[in-house]
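Reading the structure
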Amino acid sequence: MRGIISFGGYVPYRRLDRSAIAAVMGRGGGRGTRSVASYDEDTTTMGVEAARLALRSSGVEPRALWFATADPAYLEKTNATAIHAALRLDSSTGALDFGGAVRSGVGALRTALASGGPTLVVAADIRGGLPTGADEANGGDGAAAFLVGGEGDGPVVAELLGAASATEEFVDRWRQPGSASTGQWEERFGETRYGPLAAQAWKEALGSAGIGAEDVDVAVLTGAHGRAVKRVSGQLGVARVADDLAGAVGNTGTAHPGLLLANELEQAEPGQIIAVVVLADGVEVLILRTTEALAAYEPALPVADQVANGAEVSYATFLQWREMIRVQPPNRPEPTRPSSSAAARAQDWKYGFVGSRGTESGTLHLPPARVSIRPEDELDEMAPAPMADVGATVVTFTIDRLVYSVSPPVVFAVVDFDGGGRLPVELTDVDPDSVRIGQRVEMTFRRLYEAEGIINYFWKARPARSSSGQ
Amino acid sequence: MASHGIKDQVAIIGMGCTQFREHWDKGTDDLLIDASSDAFASAGVAKEDVDAFWLGTASSGMSGLTLSQPLKLEGKPVTRVENFCATGSEALRQASYAVASGAYDMAMAIGVEKIKDSGYQGLNAPPAPHDGTKRNLTAAAMYSLVLPAYAARYGVDEDELRMVVAKIAEKNHRNGALNPLAQFRREMPAEKICEMASVAGRLSVFDCSGVADGSAAAIVVRAEDAHKYCDDPLYIKALSFVSGTGGGLIDPDYDYTTFPECDMAGADAYRQAGIEDPRSALAMAEVHDCFTPTEMVLMEDLGFCERGTAWKEVLAGTFERNGDMPINTDGGLKAFGHPVGASGLRMHYECWLQLRGKAGDDRQIDLSTRNLGLVHNLGGYPGEMVSFVSILGPELG
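Residues numbered from 1 in each chain as written. Chains lettered and ligands numbered in written order. Predicted model: local features only at pLDDT ≥ 70, side-chain atom pairs only at ≥ 80, totals over all residues.

**Regarding the overall build of chain B**
Check the secondary structure of chain B and you find 14 helices and nine strands. In terms of overall dimensions, chain B is globule-like: its C-alpha atoms have a radius of gyration of 20 Å, near the 21 Å expected for 397 residues. Dimensions of chain B along its principal axes, counting C-alpha atoms only, are 55 × 50 × 45 Å. The buried share of chain B, taken over its 397 residues, is 60%. Partitioning the intrachain contacts of chain B with sequence separation of at least 6 by distance along the chain shows that 78% fall at a separation of at least 24. (Helix = DSSP H or I, 4+ residues; strand = E, 2+ residues; numbered from the N terminus. Rg over C-alpha atoms; globule rule 2.2 N^0.38 Å. Buried ≥ 20, exposed ≤ 12 C-beta atoms within 10 Å, placed from the backbone. Contact = placed C-beta atoms within 7 Å.)

**A short note on helix 5 (residues 146–154) of chain B**
For an α-helix, the turn length of 3.6 residues means that residues three or four places apart are oriented alike. Taken together, the buried positions of helix 5 of chain B are occupied by B:Val146, B:Leu147, B:Ala149 and B:Tyr150. The buried residues of helix 5 of chain B occupy an angular sector of 165° when the element is viewed end-on, so they sit on one face. Looking at the buried positions of helix 5 of chain B, the neighbouring elements they touch are strand 18 (392–400) of chain A together with helix 4 (139–144), helix 6 (158–177) and helix 11 (292–301) of chain B. Positive backbone phi, at 65°, marks B:Gly155, one or two positions downstream of helix 5 of chain B. (Arc of directions from axis to C-beta.)

**Comments concerning the sheet that holds strand 3 (residues 33–36) of chain A**
Residue and element names in this part refer to chain A. Strands sit in the order 3-2-14 across an open sheet of three strands; the sheet is mixed. Only two strands of the sheet have a single neighbouring strand rather than two, namely strand 3 and strand 14 (311–312). Sheet analysis places strand 2 (residues 14–17) next to strand 14, joined by two bridges and oriented parallel. Bridge assignment links Arg14 to a residue of strand 14, and that residue is Ala311. (Pairing = 2+ DSSP bridges.)

**Focus: the packing of helix 3 (residues 87–100) of chain B against helix 14 (residues 340–354) of chain B**
Residues and elements named next belong to chain B. Where helix 3 contacts helix 14, the two axes come as close as 5 Å, and the packing angle between them is 60°. With respect to their mutual orientation, helix 3 and helix 14 come out oblique. Seen from helix 3, the contacting residues are Thr87, Gly88, Ser89, Ala91 and Leu92; seen from helix 14, they are Val340, Gly341, Ala342, Ser343, Gly344, Leu345 and His348. Along the lines of polarity and charge, the residues of the contact of helix 3 with helix 14 split into five nonpolar, seven polar and no charged. (Axes fitted to C-alpha atoms, helices over the stretch in contact; angles between N-to-C directions. Parallel < 35°, antiparallel > 145°, perpendicular 65-115°, else oblique. Nonpolar A, V, L, I, M, F, W, Y, C, P; charged D, E, K, R; others polar.)

**Topic: the interface of chain B and chain A**
With 30 residues of chain B in contact, the opposing surface of chain A contributes 36 residues. Among the secondary structure elements, those contributing two or more residues to the side of chain B that touches chain A are helix 4 and helix 5 of chain B. If one sorts the elements of the side of chain B that touches chain A by residue count, helix 4 of chain B sits on top with three residues. Of the residues contributing to the side of chain B that touches chain A, the split by class is 15 nonpolar, twelve polar and three charged.

**Regarding the environment of B:Phe84**
Residues and elements named next belong to chain B. Note on placement: Phe84 falls in the loop between strand 3 (78–81) and helix 3. Using a count of 19 C-beta atoms within 10 Å as the deciding quantity, one classes Phe84 as partly exposed. Taking C-alpha positions, Phe84 is 7.7 Å from Val386, a pair spaced 302 residues apart along the chain. Excluding residues within four positions of it along the chain, Phe84 makes contact with Ala58, Gly379, Gly380 and Val386.

**What about the sheet that holds strand 13 (residues 282–290) of chain A?**
All names here are of chain A. Overall, mixed pairing links the nine strands, which are arranged 5-4-6-7-1-8-13-12-11 in an open sheet. Looking at which strands have only one partner, the edges of the open sheet turn out to be strand 5 (94–99) and strand 11 (218–223). With strand direction ignored, the average angle separating the axes of adjacent strands in the sheet is 20°. Examined bridge by bridge, strand 4 (residues 64–69) and strand 5 share six bridges and lie parallel to one another. Residue pairing for strand 5: Phe67 is matched across the bridge by Asp97.

**Concerning the pairing of strand 2 of chain A**
For strand 2 of chain A and strand 3 of chain A, the ladder comprises four bridges, and the chain directions are antiparallel. By the bridge assignment, A:Arg14 is partnered in strand 3 of chain A with A:Val36.

**Describing the nonpolar core**
Membership of the largest hydrophobic core comes to 284 residues, with the highest contact counts inside it found for A:Val122, A:Ala145, A:Val285, B:Ala107, B:Ala109 and B:Ile110. What A:Ala145 contacts, discounting residues up to four positions off in sequence, is A:Phe7, A:Gly8, A:Ala50, A:Ala51, A:Leu53, A:Ala54, A:Leu120, A:Val121 and A:Val122. (Core = buried A, V, L, I, M, F, W, Y, C linked by C-beta atoms within 7 Å.)

**Points about the domain arrangement of chain A**
Accessible area lost upon the coming together of the parts is a frequently used measure of interface size. Residue and element names in this part refer to chain A. By domain assignment, chain A separates into domain 1 (3–321) and domain 2 (340–463). Between domain 1 and domain 2, the residue contacts involve 15 residues of the former and 16 residues of the latter. Secondary structure elements with two or more residues in the side of domain 1 that touches domain 2: helix 2 (43–56) and helix 3 (80–86). (Domains from an automatic or database assignment.)

Set out below in C-alpha cells:
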C-alpha cells in the first residue's frame, strides 16, 4: 500500500505576539502568537528546511520533487529546482511546482499518493495581509514535506486507506499576483458552499476506506475559511480533531495540512487512523493509517519542539520584513545580482553547501578548491565534502553595523565544523546580544538578497535547533 | 630560486603628494596632474624625461590612458596596476624593477584614488561577476575580530585592549594634526574614541582609516645616476610582496592575532636589506593602519616587538613620533586619509621627507643613530591579504 515514508514540518524561529498589533495600530491582532518567516526566508528556503528534516529520517532517495505554495519566490522559473539543488537530488529526479492556490499543497500530496515511485512533496507558505487585518494576525509561515512511496521504496509509516475530492467553482478568497492582500467574500456565503462539499467528500472518503467516522482516531482539519472549518469540525463525528496550532503558529495556508499532519504523526501510535480534511475551493479528504514502522521512526526535529522554541519579533520589524513599511537603507551600494553562469558552475557549493577535502591532508576547503592549502594534496586530488548537515561551533564573532543588509546589523561568526574545517559565515535567527564563543550552530538555507529580480540563495548558520547541530 | 631584491640599485630622486581630503573640487585627472607636477619639480625633470610610467589605482580608472590622457604623455608606456590597498606600493615596485633591469633610465610610479565621487560612505569597489556566495562583511568587521582573539590569546582584558587601540588612533591623530597634507588635523583623545558608538565589533568610526581622495608620485632612476638629479636621493634597500593563499579563512589553526602574509613580506625585506634586528636598524616605519588593531598586530608581525607585547609598547609610548620606534609619523591611514591607490606612495613620501631630514622642525624624527625607514602596505582582510614591505635609506651600503 502506498503511503508516507518520512515527513518533516518546519516552523520558522520568529513569533509575532498578536497583541503587539493593536498596541501599535489601535486595533487588529488578537491573542497568542503567529510564526514569522525571517527576512532571509521565503517559501523556497522554508521548503528546503522541511525537506531536509523529512529526508534526514529516511534513507530513501526521491525520484520526483513536487513543490506547492501560494507565495512562490519566482513565477515563470521553477522554484522546486532550488530545493532539488539544496537537497542534492539526482539530476534525473524531476522537480515541479504546483503553483498558486492554497489547495495545491494537499493536492500535491494526494497526487503523490496516487502516483508511482518515491516522491517528495513539499509545501510552504508565507501568509499575511494588510496591517490590522485578520489574515495578518491569523496567518502563519511554515512548510511541510512528505516522502511518499510504496513498500518497495522503503518502510511506510502511514498508508493511504482512502481519499475523496469535492469541487465547485465559487469566489470566496482571491488574490492577484503581486498583491499584498487577499480579498474575501462575505463569510456566510462560503460557509453555505463548504458545508455540503465537506459532507460529500467525507462520506465518499470513509466509504473508499471502508470505515466509519467512529473508526477515525483524529481528524486533521484545516482550510481557508475559518467559519466553515469550525462548522465542519462539529459534523465529522470523530473522536478528536487535531490541534490546529492557531494559538502559536497561525494558519500556514498551503503548508498547513502537512504541518498539522506531521505534528500528529509525531505523536501517533501504530495502527491509528488519521483523516486529513482540507477546505480550499472545494474539499480534499485523505484517510491514513499509521503502521508498525512508525514505532521505529525518529523525527529529526518534531514540530512541537519548533513551536516551543521561538523568539519574538517586534511588530515594527515584522512590517519591515513583510515590506509593509520601508526603512532607510545604509548609504552603501546595494549588492549586485549573482551571475547565473557562475552560480550554475558553483551549484553544489552554493545550493548544496558541498566543499572539498584534500585526499591526503583531509583539510576542508569552503568553498571547494582544486588546489589545496596543504602541499601534500596533489592538484585536483580533492573529494567532495557535503557539510550542510554537519554541526559547528562559534570560534569568534563580530557585529557589523556598516554593511548593507535588509535587516541590520549583520551578525558574523567564524565557525569550526565538527570533524575539522572552518568558515567565516553570517548568522541568522539570532539576537546580536546572545551570541557567544562556543555556541553550537547548524547550517540553514537562506536568501541572502534579491537584485534585479534574481534571488541570491546561499547558506547561513543559526543557533542549533536540531539534534544534528547539538 | 630566491628573492634577491635590488638593494641599492634604484633611487628615488623626487616625490610629490597632494593633500589627502575630500577633494570635491578636484577629479582624478586634477589629482594626477598635481601629484606628478610636484614630483617632476621635486626631481627637476620634465614629463618628457621620464621613460615609463606605472599608475596605481584600485577603481578610479582603467588602463594607462587614465594617466597618459590627462598628462598628455606622447609615445610613453603607461601600465595601470591594481593590488587592493597596496596598489600604490605595487606601482613603485614595478617602476623600480623596470629601472633596475636597465629597460628604462627613469620611471615614475604614481597612485591615485578619487573615492568621494561614488556618493556612498566608506570604500566600495564594484565586484566582478560572482556566484553570490562571497561573504557580506565590511573590512572593519573582519579586522574587529582581532581584538577578542588577541585579548584571549595573551590574557589581556578586552576593555583595556580596546583602550590600547584607541591610543593608536590618538597617536596617529596627534601626528596628523602637525601635517599640512593630512586629512584630519585635529587631535582625538583615546577616551573619546572609546566612548563612541561601535560600528563593527568594538571598533568605532575613529578606529577606521580616513576616507579621502588623493594622489602621490615618485620618480626613480638607477642608483648610479641619482646624483645627476639630486643631492640627497633615497635608496631602495628592499621591495617584497606576498599574496596570500586565503588559507587563514578556512584554517582552524589561524587565530586572528597575526597576519602571516605581513610576517613573510617583512622577513623577505629584511633578508634583501641585510637587516637582522629591525628594531635597532630602523629609524621609523610607515605601516598600514587601516584599522587600529591592524597597527598593533603589525608591530609584532614586522618584528618591532615580541609577540604578545605590542599592546604594552603602545601604552609605553614606543611608537610615538619621539618614541624609540616612530610609527606613522605623518598620521597614517587613520589621520592622513586613505585614497586606496595613492596610500602606498604616500607612505614612501613620508620616508622621503623624514629620512632626508626634510619633514620640518615640528615633525622631524631623530636620525642620529639610525637612518633606515620601512614601508608596510597591505590589502585585503585577516586570513586573505596581500602585503608589501619596502626598506629605504639615504645612504648606499
